[in-house]
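Chains, contacts and geometry: an overview
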Amino acid sequence: MNLYCRLDALKADLDDRSGNADARYLAVLESVSRWIDGYCGRHFYAYSSIRYLDGSGKPTLLLPWDLVSVSALGVDANDDGTYEYTLVEGTDYRLGPMNRVNTPAWKLELLSRGTQLAYWPTGQSSVRITGLFGYSAAVESAGTLGAAIGSTTVTTLTMAAGHDVGVGDTLVIESEHLYVSGRAGDVMTVVRGVNGTTAATHADTTAVSRRVFPESIVRACLMESARVMRDSQTGYASAVGNPDYGGYETRAEYGKIVGLLSPFRLLAVA
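Heads up: these notes are all about the structure in this document. (Residues numbered from 1 in each chain as written. Predicted model: local features only at pLDDT ≥ 70, side-chain atom pairs only at ≥ 80, totals over all residues. Heavy atoms only, no water.)

**Overview of the overall build of the protein chain**
Per the secondary structure count, the protein chain includes 4 helices and 12 strands. On the principal axes, the C-alpha backbone points of the protein chain span a range of 70 × 50 × 30 Å. Out of the 270 residues belonging to the protein chain, those deemed buried represent 44%. By sequence separation, contacts in the protein chain at least 24 residues apart represent 67% of the contacts at least 6 residues apart. When the accessible area of the protein chain is evaluated, it comes to approximately 13300 Å², of which 51% is carbon and sulfur surface. (Helix = DSSP H or I, 4+ residues; strand = E, 2+ residues; numbered from the N terminus. Buried < 20%, exposed > 50% of the residue type's maximum accessible area, 1.4 Å probe, protein only. Contact = heavy atoms within 4.5 Å. Areas by Shrake-Rupley, 256 points an atom, 1.4 Å probe, with all protein chains shown as cover.)

**Thoughts on the environment of V218**
Mapped onto the fold, V218 is located in helix 3 (residues 215-233). Taking the relative accessible area as the measure of exposure, V218 reaches 22% and is therefore partly exposed. Measuring from C-alpha to C-alpha, the distance between V218 and F264 comes to 12 Å, with 46 residues separating the pair along the chain. The contact partners of V218, leaving out residues within four places of it in the chain, are Y4, C5 and F213.

**Re the environment of S49**
Structurally, S49 can be placed in strand 1 (residues 47-53). Put simply, S49 and A147 are 98 residues apart on the chain and 30 Å apart in space, counted from C-alpha to C-alpha. Residues contacting S49, with those up to four places away along its chain left out, are I129, T130, G131 and F133. Here the side chain of S49 touches R51 through a polar contact of 3.4 Å, side chain to side chain. (Polar contact = N/O pair within 3.5 Å; in protein donor to acceptor, adjacent residues only side chain to side chain.)

**Observations concerning helix 2 (residues 22-40)**
The end-to-end C-alpha distance of helix 2 is 27 Å, a good match for the 27 Å that 19 residues give at a rise of 1.5 Å each. Every buried residue belonging to helix 2 is among Y25, L26, V28, L29, V32, S33, I36, D37, Y39 and C40, and all of these are buried. One or two residues past the end of helix 2 sits G41, with phi positive at roughly 75°. (Expected span 1.5 Å × (residues − 1).)

**Some thoughts on the packing of aromatic side chains**
Summed over all chains, the structure comprises 9 aromatic pairs. With a centroid separation of 6.3 Å and 45° between ring planes, the pair formed by W35 and Y254 is classed as tilted. In this pair, W35 is assigned in helix 2 and Y254 in helix 4 (residues 253-261), connecting sequence segments 219 residues apart. Plain terms: the ring middles of F44 and F264 are 5.8 Å apart, the flat faces sit at 80° to each other, and that makes the pair edge-to-face. Of the two residues, F44 is situated in the loop between helix 2 and strand 1 and F264 in the segment after helix 4; the sequence distance between them amounts to 220 residues. An aromatic cluster of three or more residues is present, and its members are Y4, F44, Y135, F213 and F264. Against the face of Y4 rests R34, its NZ or CZ located 5.3 Å from the ring centre. Positioned over the ring face of F133 is R51, at 4.2 Å from the centre of the ring. (Phe/Tyr/Trp six-rings, centres within 6.5 Å; stacked < 30°, edge-to-face > 60°. Lys NZ or Arg CZ within 6 Å of the ring centre and 35° of its normal.)

**Overview of helix 4**
Turning to helix 4, its buried residues are E253, I257, V258 and L261. Looking straight down helix 4, one finds its buried side chains confined to an arc of 135°; they lie on one side. (Arc of directions from axis to C-beta.)

**Quick notes on the side chain of K11**
Among the structural elements, K11 can be located in helix 1 (residues 7-13). According to the relative accessible area criterion, K11 is buried, its value standing at 17%. Side-chain polar atoms of K11 contact the side chain of D22, separated by 2.9 Å.

**Some remarks on the pattern of salt bridges**
If the charged atoms of two oppositely charged side chains come close together, the side chains can form a pair. Going through the model one piece at a time under the given rule, you end up with 11 salt bridges. We note a salt bridge from K11 to D22, for which the minimum N-O separation is 2.9 Å. Of this pair, K11 sits in helix 1 while D22 sits in helix 2, placing them 11 residues apart in sequence. Residues K107 and E109 are paired through a salt bridge, measuring 3.2 Å at the closest nitrogen-oxygen approach. Residue classification places K107 among the buried positions, given a relative accessible area of 18%. For E109, a relative accessible area of 14% corresponds to the buried category. Beyond isolated ion pairs, a larger network of salt bridges with shared partners links R6, D164 and D169. (Salt bridge = Lys/Arg side-chain N within 4 Å of Asp/Glu carboxyl O.)

Written as structure tokens, this is what we have:
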């Protein structure tokens, strides 16, 4: 799940003449997507969860992970395990940096005009954040439902004609994320409530969005996935054809892939 390159893009890049089933392509795409997460030290999908932080004793609290948005923020001011304060974004604190677009927040700043707290208490796990974590939650329109999803347990959905949904996509329908594991025409087989979200019912004609990722991440995922597939098809010879007659060495692609990922890499500080 949470594939950073679309299945159709990989199959087109390889000219889809290998005879591999979709499951093989999807397995490679998922493996490469998770390798990108590990290499960059962050994930580019959005995951809904609750996380805890020790306070800083200052008005600014740096985050050890990417944060997309906050739905609730509680503060334990006296280290008793009870979160007495509920802070409101825009009234008590703000996410930083300001003016970000499809990039993560990496700090919380108490507002000087706020009336609840002047600094983040230093107790253990004194800050509780309920929110969406990851690099971004960017989406693009993929169409609309062609029929209602009337149950939280059903594992198929029907898209209205003219949609842009394919196997391997992560869909966003209202507050739910769904992974598309199969397709038969306009009927999709899906995994419900992925990425920490909760399966819900959805009315007919509800808008459906598809998760999208930074272009460099998409390109790196495509290149590395294609490289893995070509290596396996050539017996890991690290070359496709004869480089002297229009072929190329697949290992030469690795430097380009790393170059695409480097601007997104988080470096650990000892």
